[in-house]
There are 2 protein chains.
Amino acid sequence: MKNKTRTQRLGEESLPAVILAAGEGYRLRGGNGGLPKPLTPLLGITLLERAILSCREAGIREFYVVVGCDEERMIHYIEELGRRFGVSVRAVQNPNWKEGNGTSALASSPYVNGSFLLAMCDHLFDPDIIRRLIEAKDGAQSCLLAVDRRTDQIFDLNDATKVRLDGKAITAIGKGITPLDAVDAGLFLCRPDLFDALEKAKRAGDGSLTGGVQRLIGKGKIRAMEIADRFWLDVDTPESLSHAKRYLLARVSSSREDGFIAQHLNRPVSRRISALLADTRLTPNAITVLNSLIGLCGAFLFSLGEYVWTLLAGLLIQLSSILDGCDGEIARLKFQSGRFGAWLDTVLDRYADVAIAAGISYGYWLTHPEPIIWLGGALAITGFILASYTKKEYALCYRRQPPGGLPNKFIKRDVRLFALLVGALLNRPYEVMILVGLLSHFGIVWIFICAYRQGRHELQGRKTETL
Amino acid sequence: MKNKTRTQRLGEESLPAVILAAGEGYRLRGGNGGLPKPLTPLLGITLLERAILSCREAGIREFYVVVGCDEERMIHYIEELGRRFGVSVRAVQNPNWKEGNGTSALASSPYVNGSFLLAMCDHLFDPDIIRRLIEAKDGAQSCLLAVDRRTDQIFDLNDATKVRLDGKAITAIGKGITPLDAVDAGLFLCRPDLFDALEKAKRAGDGSLTGGVQRLIGKGKIRAMEIADRFWLDVDTPESLSHAKRYLLARVSSSREDGFIAQHLNRPVSRRISALLADTRLTPNAITVLNSLIGLCGAFLFSLGEYVWTLLAGLLIQLSSILDGCDGEIARLKFQSGRFGAWLDTVLDRYADVAIAAGISYGYWLTHPEPIIWLGGALAITGFILASYTKKEYALCYRRQPPGGLPNKFIKRDVRLFALLVGALLNRPYEVMILVGLLSHFGIVWIFICAYRQGRHELQGRKTETL
């Protein structure tokens, strides 16, 4: 029930998706060990899984996967998928798959009534494109084709299906069209009109989807929806598979939350580690826990107070800082993001920070047994936790992101842990920790100033508005 | 601009309000030192201010206040209000005010076009009633009168205007009606029809609002909107003023967030303090800061490590725990709630908690100079802050309140500070702090368990839903 409610809240109806997975994909076979193309693994999940999960993220819960080549193997595999993903997935056989992908779309006609989404199993795409197609559907009396105007950025433009546009109307489609206005992104929001058009094209000897679409164009029954800067990729060759891998990794390994160190040092490394971890069965939450344990090891080594251990501790916490990116990256790569994971990650990070600060304080206290050392430790612990706390509280009170600004750059976790690594290298972890702790408190004061100013601005706005 | 946007987002149009403040209010004059009734102070603000601010909270930005008795004094006062509250407030004179409150409503007719809200300056009410009237307006082709079916709970039923209902239709209105179905709550959503009806009633010698409403009933042009369990109060006599004061204090001094100690010990005291503070110019934020300083004094006294100071410290932090309720109570009483205040209160509470834990640790360390004392202190500090942190993070991730349950009752601030007072009385503040710190960490584990279970439930729900 939970998911149904969420789907409805997003303003999306329950719409079935037809996914075409019948072709041979011979160009990819060389590079994937002879697997059927839809079963080609890409960063831990197959192309077909990725297509289904992308649609699921946009709220789709009912799938028809059209199979042809390697039929038996595919049907067996598809039956598994629905159970695993908590959605309805059904295999649809197309004995005529060799005649073209239009016949595959046609094979789904007994299963869908009314509108449906049509996707290709070898296309990767931003789930947001589907959301926009569904939104655009309500106003439209025709089929909608997602098109991309960034023709200069297509990986293999030669192989792409091009379209010519007149406003939102499509005037021509095909591989050989020049001049071209945009490229077919492989996502359609279809009405049953498509089946008639495909039927006619097939009778005329053209079994391709493009053939059907050309007939829809003739009747003015298909329009374009521009995907703007949303991403999609077509995977046909070993080269485009490598490109897709690089692209996806770059896409998941960036976050608005990243500080300077995360952006320039941690992410380039975590991305490579994520590429390896994606192929294992390690879940994002397992990585989160593992990562905290590494942080705790670092805290313990700091507490020994000797340079060699301090050095190792510094390296461990920097490793943990790098791995801190991997759980989120894997989650986004494999569609395993969840609220529990986000909560766990943040809370365990805070515990690890406290342990590290306590370990550093203890290690320093061994040679400087003064109570002031512990007060300094309390100052740092408080700064580390409260820097994050005040930002969360700001997000809750103001229902928007906390203010940016230079002071905020110093109180991010990646910067903090890197500073401690530098402190460890210099054998001055305690002094650096106190410095970072102080900067954290200044960051909190900075948020205070921003919040206070904003409060005054809003009052001012309210006064001048009505006078 | 900010406020306009917020108003529109709530689905409310900009609607003017007419507030009747022309009467003599002779029954209250004895009890308020001869002030005009609308200027009678109630918990720091006058009745008229309260009426305007209640409407402003429901999104209304344009006010016409009809004055009659003490005209000059009132006009001068009203001109001030608009500037102070950042809304448009205009005084409307009614030279015929002695003929009845219907003539006062009529006096506003040159100023309003279309729908408007009609309220009485001597009525207190839940702003939510206005929001509901505005929502109900769109569907209705007639005036709407807010009515209260809880006739057994009216403070002075004799004096109230009663109505008889047939479904949502009003069939009779007046003070002497029996049997009665509900009581007029003094809030109308009016259409210009009302002015015609009042004009006719006036010509027939009836200058009362009830007279006009009776004529609307005759034409079927007024309907009732039930206010359900929302509050309203009519202030006519010194007794009803005292009743209103008690009622408002009880209303603002409770919160879902309150723990056991807050509910049964702190609130009954803070309510009395708020009643006194409301009459001063102390703002809620000033009380928040003052309160933190008292907490810091307590922390300092704890750090001295002697029983007499520890005892005083325990009492101070309990005082601070009580005052922690006052800022919110004053803010709600005087319509001074704001996001900055909420943020500041929470963040300063965390700083005070840290200082108290550090002070207790230091005081104990003076007689037990072991490093483990400080590790215990770090454990407690972490528990105190993270108990709150994990709940905030839960609210952000899950967009709902964190789970309740017994373990949560022990990690609320009121319980924590009271436990430390008990510890101070027993001269065992450190031991009690460690215990409370441990309980806080258990509370965090409890939220973890709840979040984890919920995650599994949701997955289960998703799976069974579609299979």
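Here is a short report on the structure shown in this document. (Residues numbered from 1 in each chain as written. Chains lettered and ligands numbered in written order. Predicted model: local features only at pLDDT ≥ 70, side-chain atom pairs only at ≥ 80, totals over all residues. Heavy atoms only, no water.)

**So, the overall build of chain A**
Argument step 1. Looking only at helices and strands, one finds 17 helices and 13 strands in chain A.
Argument step 2. A buried classification covers 56% of the 467 residues belonging to chain A.
Argument step 3. Expressed as a percentage of contacts within chain A between residues at least 6 apart in sequence, the contacts between residues at least 24 apart total 75%.
Argument step 4. Of the roughly 20,500 Å² of accessible surface on chain A, a fraction of 55% belongs to carbon and sulfur atoms. (Helix = DSSP H or I, 4+ residues; strand = E, 2+ residues; numbered from the N terminus. Buried < 20%, exposed > 50% of the residue type's maximum accessible area, 1.4 Å probe, protein only. Contact = heavy atoms within 4.5 Å. Areas by Shrake-Rupley, 256 points an atom, 1.4 Å probe, with all protein chains shown as cover.)

**A few points about the interface of chain A and chain B**
Argument step 1. Counting from both sides, the interface comprises 56 residues of chain A and, opposite them, 56 residues of chain B.
Argument step 2. Between chain A and chain B, the buried area comes to about 5,500 Å², and carbon and sulfur atoms account for 70% of it.
Argument step 3. At the junction of chain A with chain B, the criterion picks out two salt bridges.
Argument step 4. Between Glu 393 of chain A and Lys 392 of chain B there is a salt bridge, with the nearest N and O atoms lying 2.9 Å from each other.
Argument step 5. Where chain A packs against chain B, one counts 14 residue pairs in polar contact (both at pLDDT 80 or more).
Argument step 6. Among the elements of the structure, α1 (2-9), α4 (71-85), α13 (339-367), α14 (371-398) and α17 (429-466) of chain A are those that each provide at least two residues to the side of chain A that touches chain B.
Argument step 7. Sort the elements by how many residues they give to the side of chain A that touches chain B and α14 of chain A lands first, with 18 residues.
Argument step 8. Of the residues in the side of chain A that touches chain B, the class split is 32 nonpolar, ten polar and 14 charged. (Buried area = accessible area lost by both parts, 1.4 Å probe. Salt bridge = Lys/Arg side-chain N within 4 Å of Asp/Glu carboxyl O. Polar contact = N/O pair within 3.5 Å; in protein donor to acceptor, adjacent residues only side chain to side chain. Nonpolar A, V, L, I, M, F, W, Y, C, P; charged D, E, K, R; others polar.)

**Topic: the packing of α13 of chain A against α14 of chain A**
Packed helices, taken two at a time, are described by their axes: the angle between them and the distance between them.
Residue and element names in this part refer to chain A.
Argument step 1. Interhelical geometry of α13 versus α14 gives an angle of 165° and a closest axis separation of 8 Å. The orientation of α13 with respect to α14, classified from their angle, is roughly antiparallel. Judged by the sense of rotation from one axis to the other, the crossing of α13 with α14 is right-handed. Along its contact with α13, which presents Thr 346, Arg 350, Asp 353, Val 354, Ala 357, Ala 358, Ser 361, Tyr 362, Tyr 364 and Trp 365, the element α14 presents Ile 373, Trp 374, Gly 377, Ile 381, Phe 384, Ile 385, Ser 388 and Lys 392. (Axes fitted to C-alpha atoms, helices over the stretch in contact; angles between N-to-C directions. Parallel < 35°, antiparallel > 145°, perpendicular 65-115°, else oblique. Left-handed = near helix turned anticlockwise from the far one by under 90°.)

**Side note on the pairing of strand β4 (residues 62-67) of chain B**
Residues and elements named next belong to chain B.
Argument step 1. Burial analysis of β4 places five of its six residues in the buried class, which makes it a mostly covered element.
Argument step 2. One ladder, built from six bridges, connects strand β1 (residues 16-21) with β4; its direction is parallel. In the sheet register, Leu 20 faces β4, and the bridge partner there is Val 66.
Argument step 3. Taken together, the six bridges between β4 and strand β5 (residues 88-93) define a ladder with parallel strand orientation. Looking across to β5, one finds that Tyr 64 is bridged to Arg 90.
Argument step 4. At this point the chain moves from β4, through helix α4 (residues 71-85), to the parallel β5, and the crossover so formed is right-handed. (Pairing = 2+ DSSP bridges. Right-handed = clockwise from strand over helix to strand, strands pointing away.)

**Structural notes on the packing of aromatic side chains**
Residues and elements named next belong to chain B.
Argument step 1. Applying the stated criterion to the full structure yields 28 aromatic pairs over all chains.
Argument step 2. Relative to Phe 195, the ring of Phe 116 lies with its centre 5.3 Å away and its plane at 10°, an arrangement referred to as stacked. Separated by 79 residues along the polypeptide, Phe 116 in strand β6 (residues 116-120) and Phe 195 in helix α7 (residues 193-203) bring together distant segments of the chain.
Argument step 3. By relative accessible area, Phe 116 is classed as buried at 1%.
Argument step 4. Judged by centre distance (6.5 Å) and plane angle (45°), the rings of Trp 365 and Trp 374 are tilted. (Phe/Tyr/Trp six-rings, centres within 6.5 Å; stacked < 30°, edge-to-face > 60°.)

**Quick look at the state of the cysteines**
All names here are of chain A.
Argument step 1. Under the definition given, this model contains zero disulfides over all chains.
Argument step 2. The thiol of Cys 397 is not disulfide-bonded; the next cysteine sulfur, from Cys 450, is found 15 Å away.
Argument step 3. For Cys 397, a relative accessible area of 16% corresponds to the buried category. (Disulfide = S-S within 2.5 Å.)

**Description of the pattern of salt bridges**
Residues and elements named next belong to chain B.
Argument step 1. Going through the model one piece at a time under the given rule, you end up with 41 salt bridges over all chains.
Argument step 2. Measuring nitrogen to oxygen at the nearest pair gives 2.7 Å for the salt bridge that ties Arg 84 to Glu 49. You can see Arg 84 sitting in helix α4 and its partner Glu 49 sitting in helix α3 (residues 47-57), a full 35 residues away along the chain.
Argument step 3. Residue Glu 49 is classed as buried on the basis of its relative accessible area, which comes to 6%.
Argument step 4. The salt bridge partner of Arg 267 is Glu 329, with a shortest N-O separation of 2.7 Å. Separated by 62 residues along the polypeptide, Arg 267 in helix α10 (residues 260-277) and Glu 329 in helix α12 (residues 307-333) bring together distant segments of the chain.

**Overview of helix α16 (residues 413-425) of chain B**
Residues and elements named next belong to chain B.
Argument step 1. For α16, with 13 residues, the first-to-last C-alpha span of 18 Å sits near the 18 Å given by 1.5 Å per residue.
Argument step 2. For α16, the complete set of buried residues consists of Arg 413, Asp 414, Val 415, Arg 416, Leu 417, Leu 420, Leu 421, Gly 423 and Ala 424.
Argument step 3. At the C-terminal side of α16, Asn 427 shows a positive phi close to 60°. (Expected span 1.5 Å × (residues − 1).)

**Re the environment of Pro 95 of chain B**
Residue and element names in this part refer to chain B.
Argument step 1. Along the chain, the position of Pro 95 falls in the loop between β5 and α5 (101-107).
Argument step 2. Classification of Pro 95 as exposed rests on a relative accessible area of 69%.
Argument step 3. C-alpha separation for the pair Pro 95 and Val 67, spaced 28 residues apart in sequence, amounts to 8.5 Å.

**Structural notes on the pairing of strand β10 (residues 169-174) of chain A**
All names here are of chain A.
Argument step 1. Bridge analysis of strand β9 (residues 162-166) against β10 gives five bridges, and the strand direction is antiparallel. Along β10, the bridge assignment pairs Leu 165 with Ile 170.
Argument step 2. The loop that links β9 with its antiparallel partner β10 comprises two residues; one of these, Gly 167, has a positive phi angle of about 65°.

**Digging into the relation of the copies chain A and chain B**
Argument step 1. The operation relating chain A to chain B is a screw motion whose rotation component is 180°, with 0.0 Å of axial translation and a residual RMSD of 0.0 Å. The superposition of one copy onto the other is thereby described by a two-fold rotation axis.
Argument step 2. Both copies contact each other with a shared surface, as 100% of the interface residues of chain A are interface residues in chain B too. (Least-squares fit on C-alpha atoms with pLDDT ≥ 70 in both.)

**Thoughts on the nonpolar core**
Argument step 1. In this structure, Trp 343 and Met 433 of chain A together with Trp 343 and Met 433 of chain B are the most contacted members of the largest nonpolar core, which totals 82 residues.
Argument step 2. With sequence-adjacent residues up to four places away left out, Trp 343 of chain A is seen in contact with Thr 390, Glu 393, Tyr 394, Cys 397, Tyr 398, Ile 444, Ile 447 and Phe 448 of chain B. (Core = buried A, V, L, I, M, F, W, Y, C linked by side-chain atoms within 4.5 Å.)

**Describing unusual backbone geometry**
Argument step 1. Cis geometry is found at the peptide bond from Thr 178 of chain A to Pro 179 of chain A, where omega equals -15°.
Argument step 2. Its place among the elements puts Pro 179 of chain A in the loop between β10 and β11 (182-190).
Argument step 3. You will see that Phe 335 of chain A, though not glycine, has its phi angle at about 55°, which is positive.
Argument step 4. With respect to the element layout, Phe 335 of chain A can be found in the loop between α12 (307-333) and α13.
Argument step 5. Phe 335 of chain A gets classed as buried once you look at its relative accessible area, which sits at 17%.
Argument step 6. Even without being glycine, Asn 427 of chain B reaches a positive phi, approximately 60°.

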